[in-house]
Amino acid sequence: MVSQGTAKMESSIVWIPEELEIALNLKQQFGADAEFVAGGTLLQTNWEKDQPIPLYLISLERITALQGFKKETSEGGPMIQIGALTTLAEIIQNPFFLSNLPLLAEAARSIAAPAVRNRGTIGGNIAGGTGDTIPAFLVMDAHISFVNGTEIQQKPLEDCLKEGILQDGSILVSIDLFETGGQKFFKKVGRREAFTPSVVTIAGSCRVNSNKEMEAIRLAVGGGSNQPCRLEACEKLLHGNILSKELLEKLFLSIMEEFAASSDDFYTADYKKTIAANVIVYEMARFAGQMG
Ligand SMILES: Cc1cc2nc3c(=O)[nH]c(=O)nc-3n(C[C@H](O)[C@H](O)[C@H](O)COP(=O)(O)OP(=O)(O)OC[C@H]3O[C@@H](n4cnc5c(N)ncnc54)[C@H](O)[C@@H]3O)c2cc1C
C-alpha cells in the first residue's frame, strides 16, 4: 500500500513512506535527485556548508523495520540488533546499551550536544560515512543489514565501507553485533572539549592470554575528514606477541605509515597520525600492564 505524506521544504518535496519497499522505489524513481533522511542533523550541516538541497527527500522515520533494538540468539551466537533509526540519545540513556554496549554508549556520548543527539540516528551516523561511532563499530566487528532489492542482506561494516554500499541507494536497516570479548577503548580527540567535530577518532580492542601474548586485536581510526578504517598491518604486528618497549616503538611507526589521515583547514595529516599513534600505543601498554 502506498501510504505516505508529502511536505514542502524550501525547494524539496519530502516523501514520508511507511514501508521499506516504497522508500526504495522512490529512490530508484528519482535517483540522484532524491536523498534519504533520518534525523536530518548531518544533512543540515551539509546544507549549511552550501551543499545543494536535493529535489526530493525520502524520510525514513516512519518505517517500523528500522526501529527498535533487541538481543537474540542467532546461528553465530547471541546477537544484538540495533535498528537504524535508534537515536544517539537512546544509546546513551537506555540501560540496555549501557550494560550491553558501553563502548558504543561512550562513542555516542562524544557526539554533538543533547538536542542533536535527540534527533540524530545511529543509521545516519554510519551512512554519512565519517561518523564517530564507526571506529567503535569496526572494533566490535559490526555487521550491517541493508536492502537494495527485495531481500535484506548482511555484510561486515568493514566491507560495506570499502564497497561504498551505504552510498549506493541501499537502506541501512540495522547494525548487528556478535559477542567479541576482550578489552576495548574509544577516544575522540576534538578541537575543543565538547560539541566539536573530531580531529581523529580512535577505537581498539584486544585480549592478553595467559602467556601474556596479545590476540583478538582490532584497531580502527576515523573521525572528521578521515576515512574510517581498520589498521590491519598494525593488528598483525601485535598479534601473538608479548608487548615490549621495542614492539611499542614499531607499533608507533607502523601507525604513522598505515593510517591514511587527511589534512584539513586546521590540522595536517601528520599531526592526526601522531595523535592516533600516541593514543593507541598508550592504550595497548595499559592493557598489557593490567593483564601482566
Ligand atoms: C551541531 C552538530 C554537531 C555534530 N557533531 C557530530 C560529531 O561530533 N560526530 C559525528 O559523528 N557527527 C556529528 N554530527 C552529525 C550528525 O548529528 C550525526 O552524524 C548523526 O548521527 C547523523 O544522523 P541523522 O539521523 O541525523 O542523519 P541524516 O542527516 O538524516 O543522514 C545522514 C546521511 O545518512 C543517510 N542515511 C540516514 N539514514 C540512513 C539509512 N537508514 N539508510 C541509508 N542511508 C541513510 C542520509 O541519506 C544522509 O546521507 C553533528 C551534527 C550537528 C548539527
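Everything quoted here is computed from the prediction, not taken from an experiment.

About the thresholds
Residues numbered from 1 in each chain as written. Predicted model: local features only at pLDDT ≥ 70, side-chain atom pairs only at ≥ 80, totals over all residues. Heavy atoms only, no water. Salt bridge = Lys/Arg side-chain N within 4 Å of Asp/Glu carboxyl O. Helix = DSSP H or I, 4+ residues; strand = E, 2+ residues; numbered from the N terminus. Buried < 20%, exposed > 50% of the residue type's maximum accessible area, 1.4 Å probe, protein only. Near = heavy atom within 4 Å. Polar contact = N/O pair within 3.5 Å; in protein donor to acceptor, adjacent residues only side chain to side chain. Nonpolar A, V, L, I, M, F, W, Y, C, P; charged D, E, K, R; others polar. Phe/Tyr/Trp six-rings, centres within 6.5 Å; stacked < 30°, edge-to-face > 60°. Pairing = 2+ DSSP bridges. Axes fitted to C-alpha atoms, helices over the stretch in contact; angles between N-to-C directions. Contact = heavy atoms within 4.5 Å. 1 Å grid on protein atoms, 1.4 Å probe; cavity = no way out; pocket = protein on both sides within 12 Å on 5 of 7 lines; lining within 4 Å. Points joined across faces, edges and corners; volume = space filled by probe spheres on them.

**Student:** Explain the pattern of salt bridges here, please?
**Tutor:** When the charged atoms of two side chains with opposite charge come close together, those side chains can pair. The tally for this structure, following the rule as stated, stands at 14 salt bridges. In this structure, Glu-158 engages Arg-218 in a salt bridge whose closest nitrogen and oxygen atoms are separated by 3.7 Å. Residue Glu-158 is found in helix 9 (residues 157–163), and its partner Arg-218 is found in strand 12 (residues 214–222); the two are separated by 60 residues along the sequence. Residue Glu-158 is classed as buried on the basis of its relative accessible area, which comes to 13%. Residue Arg-218 is classed as buried on the basis of its relative accessible area of 15%. In this structure, the salt-bridge partner of Arg-230 is Glu-235, at a minimum N-O distance of 2.5 Å. Exposure class is identical for Arg-230 and Glu-235. Each is buried. Within the structure, one salt-bridge network assembled from shared partners comprises Asp-141, Glu-158, Lys-162, Arg-218, Arg-230, Glu-232 and Glu-235.

**Student:** What should I look at first to understand the site of the ligand in this one?
**Tutor:** Surveying the vicinity of the ligand reveals 30 residues, the closest of which are Phe-36, Thr-41, Thr-121, Asp-132 and Lys-188. One of the side-chain N or O atoms of Thr-41 is found 2.5 Å from an oxygen atom in the ligand. Within the contact set of the ligand, an oxygen atom lies 2.9 Å away from a backbone nitrogen or oxygen of Leu-43. Contributing elements (two or more residues each) for the shell around the ligand: strand 3 (34–37), helix 2 (41–48), helix 7 (122–127) and strand 9 (171–178). In the shell around the ligand, the residues fall into 14 nonpolar, 13 polar and three charged.

**Student:** What is the right way to read the packing of aromatic side chains from this model?
**Tutor:** Where two aromatic rings form a pair, the distance of their centres and the angle of their planes describe that pair. By the definition in use, this model includes seven aromatic pairs. Centre to centre, the rings of Phe-69 and Phe-96 are 5.1 Å apart; their planes meet at 35 degrees, and the pair counts as tilted. Of this pair, Phe-69 sits in strand 5 (residues 69–74) while Phe-96 sits in helix 4 (residues 95–100), and the two are 27 residues apart along the sequence. Taking the relative accessible area as the measure of exposure, Phe-69 reaches 27% and is therefore partly exposed. An aromatic cluster is built from Trp-15, Phe-30 and Tyr-56, whose rings are joined through pairwise contacts.

**Student:** Explain the sheet that holds strand 6 (residues 77–83) here, please?
**Tutor:** Spatial ordering of the open sheet is given by 5-6-9-7-8, a layout of five strands whose pairing is antiparallel. A strand with exactly one partner marks an edge of an open sheet, and here the two such strands are strand 5 and strand 8 (152–156). Sheet twist, expressed as the mean angle between neighbouring strand axes with direction ignored, is 30 degrees. Sheet topology places strand 6 next to strand 9; five bridges connect them, and they run antiparallel. Bridging from a neighbouring strand, Gln-81 pairs with Asp-176 of strand 9. Across the sheet, helix 1 (residues 20–30) is in contact with strand 7 (143–147) and strand 9; its angle to strand 9 comes to roughly 125 degrees.

**Student:** For this particular structure, what's the right way to read helix 1?
**Tutor:** Within the span of helix 1, buried status applies to Leu-20, Ile-22, Ala-23, Leu-24, Leu-26, Lys-27 and Phe-30. Phi for Gly-31, located one or two positions after helix 1, is positive at around 55 degrees.

**Student:** Just to check I follow, could you spell out the environment of Ile-217 for this structure?
**Tutor:** Assignment of secondary structure puts Ile-217 in strand 12. Assessed through its relative accessible area of 7%, Ile-217 is described here as buried.

**Student:** Please explain the side chain of Thr-201 as it appears in this structure.
**Tutor:** Secondary-structure assignment places Thr-201 in strand 11 (residues 198–208). A relative accessible area of 0% places Thr-201 in the buried class. Side chain to side chain, Thr-201 and Asp-132 meet in a polar contact 2.5 Å long. Within the structure, the side chain of Thr-201 is placed 2.7 Å from the side chain of Ser-198, a separation counted as a polar contact. Residue contacts for Thr-201: discarding those within four places in its chain leaves Asp-132, Pro-135, Phe-186, Lys-187, Lys-188, Ala-220, Val-221, Gly-222 and Gly-223.

**Student:** It is not clear to me how the layout of surface pockets should be interpreted in this structure. Could you clarify?
**Tutor:** With a probe scaled to a water molecule rolled over the atoms, the places where space remains empty come into view. Here the second largest pocket is characterised by a volume of approximately 280 Å³. If you trace the second largest pocket, you find 16 residues lining it, with Asn-100, Leu-101, Phe-178, Glu-179 and Thr-180 closest to the centre. Breaking the lining of the second largest pocket down by element, the ones donating at least two residues are strand 6, helix 5 (102–109) and strand 9. Among the elements that make up the lining of the second largest pocket, the one with the highest residue count is strand 6 (three residues).

**Student:** I keep staring at the sheet that holds strand 10 (residues 183–190) and nothing clicks. Help me out?
**Tutor:** Backbone hydrogen bonds are what pair the strands of a sheet, in a parallel or an antiparallel way. Pairing in this open sheet of four strands is antiparallel, and the strands run 10-11-12-13 from one edge to the other. Each having just a single partner strand, strand 10 and strand 13 (229–230) make up the two edges of the open sheet. Sheet topology places strand 12 next to strand 13; two bridges connect them, and they run antiparallel. Its bridge partner lying in strand 13, Val-221 is registered against Cys-229.

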